[in-house]
Amino acid sequence: MMQHLIILPILLPLLSGVLMLLKRDATRLPRRGIALASTALLVVIGACLVVQSDSGQITYYALGDWQPPFGIVLVLDRLSALMVCLTSVLALGSLAYACAGDDRKGSNFHGLFQLQLMGINGAFLTGDIFNLFVFFEVLLIASYSLLMHGGGKDRTQAGFHYVALNLAGSAMFLIALGVIYGTTGTLNMADLSQKVATLDPNRLGLLKAGAFLLLVVFGLKAAILPLYFWLPRAYASAPAPVAALFAIMTKVGIYAILRVYTLIFGSGAGELANFVQPWLWWFALATLALGGVGVLSARDLRGQVAYLILISVGTLLVGVSMNREAPITALLYYMIHTTLVSGGLFLLADAISEQRGKAGARIVPGRGVTQPGLLGVFYFVGAVTVIGLPPLSGAIGKALLLDSAEPSEQPWLWSLLLLSSLAGLVAMARSGSTVFWKAGRGDSEGPRLKPAMLAGLILLLGASPVLSILAGPITDFTHASAAQLLDHGAYAETILPQSDAGGGS
């Protein structure tokens, strides 16, 4: 049974999603039950995969018993297990909040939600770049409909821009795959990691062009400058549970950059070794800087959280560009923190908007919230951790990253990271004082947090104290993940020799 565990994060949401899309006339309660049970089981599976990967052994699953590099393979290592587990926890919190009523705004919400989970998990587990494209398309198609769930002019306009940009990105992805396959004859990541180093020098220029094109595609998914302009409006317009799940979407792009440009174009790639890292460094710093400007200019809570995500994207990509064990250790810890907390802040912004009446999520004086004490505590915890103030997880992640910088990197990283944190502090303090201190009396008969909404908020925003308490064991795991990721030979040696022997691991 354990050898089939790798495929379950893809198979489980696929089956439950298709079931709920086919049974559209079923009552809402069974759909909610199926969705919650499937996602909760996915959390358990994700945790089991983390435990399994912690042995340090890289394992793969050959679909149809077609062995690599010719067949479709799913690969489990510490990094992919971590990302699957993180996705499932975020999804459970988002789905719990949606079951308080947001899922009623469209009959296909739960089915599409599960199919998006399938695409995200598949992107983390796939062992070849073509199927990375396939899973990108699965998650994007589901996200198109989820973004416009419930309708409305703003969502339709934001959705149109989101769809158009991603269709262009998909076309570029296919072109890049054609170039890479034409020059190397393979799209399997392990096989590519070996062939790139020994490629005919006359083909290196074409391969480099394909790799740069891939970087543009992944940069669009990750929302790196100058490809991030779609994100604030799309995320701010999306329904709260969808926006919360979208917090992992930029991490799919970051994961793809980390995986491809470490494994395939890393230190073992000969003349193409680490050729994108210098480019990433400056684009990441620019994303960090403009994210700080954006968070100060945001006029509503949802837009503010969207720009906070951009700050986190810049922070994470700085770690990727440094391309060493210590920065990757830090960015993986910070990725867990920012994904869960950002998702929780989207849910919190929606809860505040519901209780403020006409003022909604706008950062303007207006009617107070119905539950100022409870929402105020959530806001304080979320603000402290997302800004990076001690003792919560945001401070730990940023401190690890700052400590990992070399002397030549410190002036740029320290100044921009601390200035963006200051911008976040000013923005969150301004919006918090406007919403809670400068507000009038709340409507005692107004809407209140439902149990499902409360469960989602506790699960996501409450993750920060847990990450702080368990910082030691978590950083041990992320350190081992970073070391395994940078061990380029181990990945290829685990997968390719087994294909010659005719067996799977």
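For the structure, check the block above.
Attention in this report is confined to the structure presented alongside it.

Conventions we followed
- Residues numbered from 1 in each chain as written.
- Predicted model: local features only at pLDDT ≥ 70, side-chain atom pairs only at ≥ 80, totals over all residues.
- Heavy atoms only, no water.
- Helix = DSSP H or I, 4+ residues; strand = E, 2+ residues; numbered from the N terminus.
- Rg over C-alpha atoms; globule rule 2.2 N^0.38 Å.
- Buried < 20%, exposed > 50% of the residue type's maximum accessible area, 1.4 Å probe, protein only.
- Contact = heavy atoms within 4.5 Å.
- Areas by Shrake-Rupley, 256 points an atom, 1.4 Å probe, with all protein chains shown as cover.
- Lys, Arg positive; Asp, Glu negative; His and termini not counted.
- Charge placed at Lys NZ, Arg CZ, Asp CG, Glu CD.
- Patch = residues over 30% accessible without salt bridge, like charges linked within 9 Å, V, L, I, M, F, W, Y side chains within 5 Å.
- Salt bridge = Lys/Arg side-chain N within 4 Å of Asp/Glu carboxyl O.
- Core = buried A, V, L, I, M, F, W, Y, C linked by side-chain atoms within 4.5 Å.
- Phe/Tyr/Trp six-rings, centres within 6.5 Å; stacked < 30°, edge-to-face > 60°.
- Axes fitted to C-alpha atoms, helices over the stretch in contact; angles between N-to-C directions.
- Parallel < 35°, antiparallel > 145°, perpendicular 65-115°, else oblique.
- Left-handed = near helix turned anticlockwise from the far one by under 90°.
- 1 Å grid on protein atoms, 1.4 Å probe; cavity = no way out; pocket = protein on both sides within 12 Å on 5 of 7 lines; lining within 4 Å.
- Points joined across faces, edges and corners; volume = space filled by probe spheres on them.

1. Focus on the overall build of the chain
- Per the secondary structure count, the chain includes 21 helices and two strands.
- A compact globule built from 505 residues would reach a C-alpha radius of gyration of about 23 Å, and the chain, at 22 Å, matches this within 12%.
- On the principal axes, the C-alpha backbone points of the chain span a range of 70 × 60 × 40 Å.
- For the chain, buried positions account for 61% of its 505 residues.
- Partitioning the intrachain contacts of the chain with sequence separation of at least 6 by distance along the chain shows that 79% fall at a separation of at least 24.
- Summed over its atoms, the accessible surface of the chain is roughly 18500 Å², and 67% of this surface lies on carbon and sulfur atoms.
- If the 30 positive side-chain charges of the chain are averaged to one point and the 25 negative ones to another, these points end up 17 Å apart.

2. Points about a nonpolar patch on the surface
- On the surface, L296, L389, L419, L422, L425 and V426 cluster together into a nonpolar patch covering about 480 Å² of accessible area.
- At four residues, the largest contribution of residues to the nonpolar patch is made by helix α17 (residues 410-437).
- If you trace the backbone, L389 turns up in the loop between α15 (372-387) and α16 (393-404).

3. Considerations on the nonpolar core
- F173, F218, Y235, Y261 and F265 are the most contacted members of the largest nonpolar core, which has 182 residues in total.
- When residues in this core are grouped by element, the largest group, 17 residues, is from helix α14 (residues 325-355).
- F218 has contacts with L132, F136, F173, G253, A256, I257, V260 and Y261, leaving out every residue within four places of it along the chain.

4. Digging into the packing of aromatic side chains
- Enumeration according to the criterion identifies 21 aromatic pairs in this entry.
- Between Y228 and F229, the ring centres sit 4.5 Å apart and the planes meet at 25 degrees, which makes this aromatic pair stacked.
- Under the relative-accessibility criterion, F229 is labelled exposed at 56%.
- One aromatic cluster is present, formed by Y144, Y162, W230, Y235, F246 and F346 through successive ring pairs.

5. Brief notes about the packing of helix α3 (residues 78-98) against helix α4 (residues 109-125)
- α4 packs onto α3 with a crossing angle of 165 degrees between their chain directions and a minimal axis gap of 9 Å. One element, α3, and the other, α4, form an angle in the roughly antiparallel class. Judged by the twist between their axes, the crossing of α3 over α4 is right-handed. Contacts from S80, M83, V84, T87, A91, S94, L95 and A98 in α3 reach F109, H110, F113, Q114, L117, I120, N121, F124 and L125 in α4.

6. With respect to empty space enclosed by the protein
- Considering all chains together, one arrives at four cavities of 30 Å³ or more under this definition.
- Looking at the largest cavity, its volume works out to about 120 Å³.
- If you trace the largest cavity, you find 13 residues lining it, with L139, L140, N166, K221 and M249 closest to the centre.
- Of all the secondary structure elements, the ones that give two or more residues to the lining of the largest cavity are α5 (129-147), α6 (153-184), α8 (204-222) and α11 (249-263).
- Per-element tally for the lining of the largest cavity: the top contributor is α11, with four residues.

7. Description of the pattern of salt bridges
- Per the stated rule, a full pass over the model turns up eight salt bridges.
- One salt bridge in this structure joins E406 and R324, with 3.7 Å as the shortest N-O distance. Taken together, the residues span a long stretch of sequence, with E406 in the loop between α16 and α17 and R324 in the loop between α13 (301-322) and α14 at a distance of 82 residues.
- Sharing partners across several salt bridges, the network here consists of R324, E406 and E409.

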